[in-house]
Structure formats: structure tokens, C-alpha cells
Amino acid sequence: MEKVMILVRADGPDDSWCERVRGPVADELLGLGLHGLTVNVRDSPVRDSLMTLTTLSPPVAAVVSIWVQQSYGPHVAAALDVLRRGAPAVSAYLVTESVPLPPPSALGERCPGLANVALLRRPSGLDHATWLRRWQVDHTPVAIDTQGTFGYTQNVVVRPLTEDAPAVDGIVEELFPDAAVTDLHAFFGATDDADLEDRMTRMVASTSRFGATENIDTVPTSRYELRSPFATG
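What comes next concerns the included structure. (Residues numbered from 1 in each chain as written. Predicted model: local features only at pLDDT ≥ 70, side-chain atom pairs only at ≥ 80, totals over all residues. Heavy atoms only, no water.)

**Observations concerning the overall build of the protein**
Thinking step 1. For the protein, the count of helices and strands is five helices and eight strands.
Thinking step 2. Ordering the α and β elements of the protein from the N terminus gives β-α-β-β-α-β-β-α-β-β-α-α-β.
Thinking step 3. For 233 residues, the compact-globule estimate of 2.2 N^0.38 gives 17 Å, and the C-alpha radius of gyration of the protein, at 17 Å, lies within 12% of that figure.
Thinking step 4. Referenced to the eigenvectors of the C-alpha coordinate spread, the extents of the protein come out at roughly 50 × 40 × 35 Å.
Thinking step 5. Total accessible area computed for the protein in this model is approximately 10,300 Å², and 52% of it derives from carbon and sulfur atoms. (Helix = DSSP H or I, 4+ residues; strand = E, 2+ residues; numbered from the N terminus. Rg over C-alpha atoms; globule rule 2.2 N^0.38 Å. Areas by Shrake-Rupley, 256 points an atom, 1.4 Å probe, with all protein chains shown as cover.)

See the structure below:
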């Protein structure tokens, strides 16, 4: 089984658009026989997050994760056809998934909190092995220790599956408390201003080692797990 992440890009999506993506569109995707489906939409509860960064135009409005038997099989092509009917730009990536901090189960419902999705790009002067080690080995405990995170998933991009896909080397999925949308203390899990400064300083020092302080997109979303790829029975 393989995980494919799809970036759905559109200017100014309103809540009706988001509801269609996580509602009728998601139902159509489920009807394709996918092993798993999670839909993240940039809707009103999170849209104005303080931690939003954007390089892409149009920006990412939704992130759809699907689990399929084979990334080059018919399910991915069919899913892309469904999503392209409602957005001007849709790009897919085959990824390998690592889950240092599993998200809580909320099957069929909105997962509590801010689901922040970050698109990482490896600096040209950093070889892939060093970049990966600094991100997944060195940075992982720092990210968990310095932020108010209660779910943390790292996705290394194996290859793009669509033509003209924007360059993306890694995709991070993190869950934060609802208050983190507008409160940096909640985002970093800080108890006071001094603690916030210390956590931010450690975080920036770590992310700068693998190029995650520039040329990145951070997309605030609400997360909906609609079919678990790991369900049994």
C-alpha cells in the first residue's frame, strides 16, 4: 500500500467550497475504493492562522491524502479527475510516511485543533542524505519538545505523480490546539514570554539546519479522517 498526497490549489476558497471538498467530493473519492482517505481544508476556523506562509499561486486550499495499492494504478488517476473538477491546479506526490506522534482518532469527524501542513524544499547546497537526517533524526525531538503539538507526521516525497507539480521535497502534518490559530503561546506550548522566546529560538536554530526557515508553505487546515488505511475487521 502506498500513500499519495494531493495539493488542491485555489484562490480564496470559502466555506461552501471546503464543505463540498470534505462532503460530496470526498464521498465520490470514497466510492473509488481507496484504502484510506484524509481531507484537510483551509476553512474559517483556521483560515486566519498567524503561522501561514505562502509561496505558491494559487495557494494550497486543501490537502487530500489517499492510500492506494499502487500509485501508478487507476485509483490515483480517478481521484485526480474528481478533484480537478473543482480546482484550477491539482498536484500529486508519492510519499513515504513516518509518524513520530500519532494523531488522535476522529474517524468521520473534524479532528480537534489546527492541522498545520508545511511544504518543505531541500536547499540546493544540501545533499539529500544530510537534509533527511537533519530533518527526521535531529529535528524531530526538537519539534515535539518546543511546540504544543499533539500529532506529528513526516512525509518524504519520493516523486511527483503529475506534470508541472511544484517542487516539494517533504510534507509535514502537525496538530496544534485550537488556540494556536491566534496565540503563539498556544502554538509553541509556552507558559510565559520567556518560555516562548526560548522555544522559538530553539525551533528556528533547528529548522535553519535543513532549510525550513525559508521557501516553505505552511497551510492552516481542518483535518477530516474519512477512511483509515489501518482499520481492521
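After that view of the structure, there is still more to cover.
**Description of the packing of aromatic side chains**
Thinking step 1. For the structure shown, the criterion picks out three aromatic pairs.
Thinking step 2. On the numbers, 5.3 Å between centres and 45 degrees between planes, the contact of Trp-131 with Trp-135 is tilted. Placement of both Trp-131 and Trp-135 in helix H3 (residues 128-146) is noted, with a separation of four residues, approximately one turn of the helix.
Thinking step 3. Its relative accessible area of 0% is what places Trp-131 among the buried residues.
Thinking step 4. Judged by centre distance (4.0 Å) and plane angle (15 degrees), the rings of Phe-176 and Phe-187 are stacked. Of this pair, Phe-176 sits in strand E7 (residues 170-176) while Phe-187 sits in helix H4 (residues 184-188); the two residues are 11 residues apart in sequence, bridging distant segments of the chain. When sorted by exposure, Phe-176 lands in the same class as Phe-187, which is buried.
Thinking step 5. Among the aromatic residues, those joined into a cluster by ring pairs are Phe-176, Phe-187 and Phe-188. (Phe/Tyr/Trp six-rings, centres within 6.5 Å; stacked < 30°, edge-to-face > 60°. Buried < 20%, exposed > 50% of the residue type's maximum accessible area, 1.4 Å probe, protein only.)

**So, the nonpolar core**
Thinking step 1. Judged by nonpolar contacts, the single largest core of 30 residues is most densely connected at Val-4, Ile-6, Val-8, Trp-17, Leu-37, Val-64 and Ile-66.
Thinking step 2. When contributions to this core are tallied by element, the ones reaching two or more residues are strand E1 (2-9), helix H1 (15-30), strand E2 (36-41), strand E3 (60-68), helix H2 (74-84) and strand E4 (89-101).
Thinking step 3. Ranked by residue count, the leading element in this core is H1, at six residues.
Thinking step 4. When sequence neighbours within four positions are dropped, the list of residues in contact with Leu-37 reads Ala-26, Leu-29, Leu-30, Val-64, Ser-65, Ile-66, Trp-67, Tyr-224, Glu-225, Leu-226 and Arg-227.
Thinking step 5. In terms of nonpolar packing, the next biggest core, distinct from the first, is built from 14 residues, Leu-56, Val-60, Val-117 and Val-157 among them. (Core = buried A, V, L, I, M, F, W, Y, C linked by side-chain atoms within 4.5 Å. Contact = heavy atoms within 4.5 Å.)

**Comments concerning the sheet that holds E2**
Thinking step 1. Here eight strands make up a closed barrel; going around it, the order is E1-E3-E2-E8-E5-E7-E6-E4 and the pairing antiparallel. Between one strand axis and the next, the sheet turns through 30 degrees on average, direction left out of account.
Thinking step 2. Of the pairings in the sheet, the one linking strand E5 (residues 114-120) to E7 comprises seven bridges and is antiparallel in character. The residue bridging Val-117 from the neighbouring strand is Glu-173, located in E7.
Thinking step 3. Sheet strands in contact with H1 are E1, E2, E3 and strand E8 (217-227), and its direction is about 170 degrees off that of E2.
Thinking step 4. Sheet strands in contact with H2 are E1, E3 and E4, and its direction is about 155 degrees off that of E3. (Pairing = 2+ DSSP bridges. Axes fitted to C-alpha atoms, helices over the stretch in contact; angles between N-to-C directions.)

**Brief notes about the packing of H3 against helix H5 (residues 193-207)**
Thinking step 1. Close contact between H3 and H5 brings their axes to 10 Å; oriented N to C, the two are set at 160 degrees. In this view, H3 runs roughly antiparallel relative to H5, as classed from their interaxial angle. The handedness of the crossing between H3 and H5 comes out as left-handed. From H3, His-139, Val-142, Ala-143, Asp-145 and Thr-146 reach across to H5, where they touch Arg-199, Arg-202, Met-203, Ser-206 and Thr-207.
Thinking step 2. Looking at the contact of H3 with H5 residue by residue, the class counts come to three nonpolar, four polar and three charged. (Parallel < 35°, antiparallel > 145°, perpendicular 65-115°, else oblique. Left-handed = near helix turned anticlockwise from the far one by under 90°. Nonpolar A, V, L, I, M, F, W, Y, C, P; charged D, E, K, R; others polar.)

**Quick word on unusual backbone geometry**
Thinking step 1. Of the consecutive residues Ser-57 and Pro-58, the connecting peptide bond is found in the cis state with omega at -5 degrees.
Thinking step 2. Residue placement: Pro-58 occurs in the loop between E2 and E3.
Thinking step 3. You will see that Asp-164, though not glycine, has its phi angle at about 60 degrees, which is positive.
Thinking step 4. Relative to the assigned elements, Asp-164 resides in the loop between strand E6 (151-160) and E7.
Thinking step 5. A positive phi angle, close to 55 degrees, is found at Asn-215, a residue other than glycine.
Thinking step 6. Within the fold, Asn-215 resides in the loop between H5 and E8.

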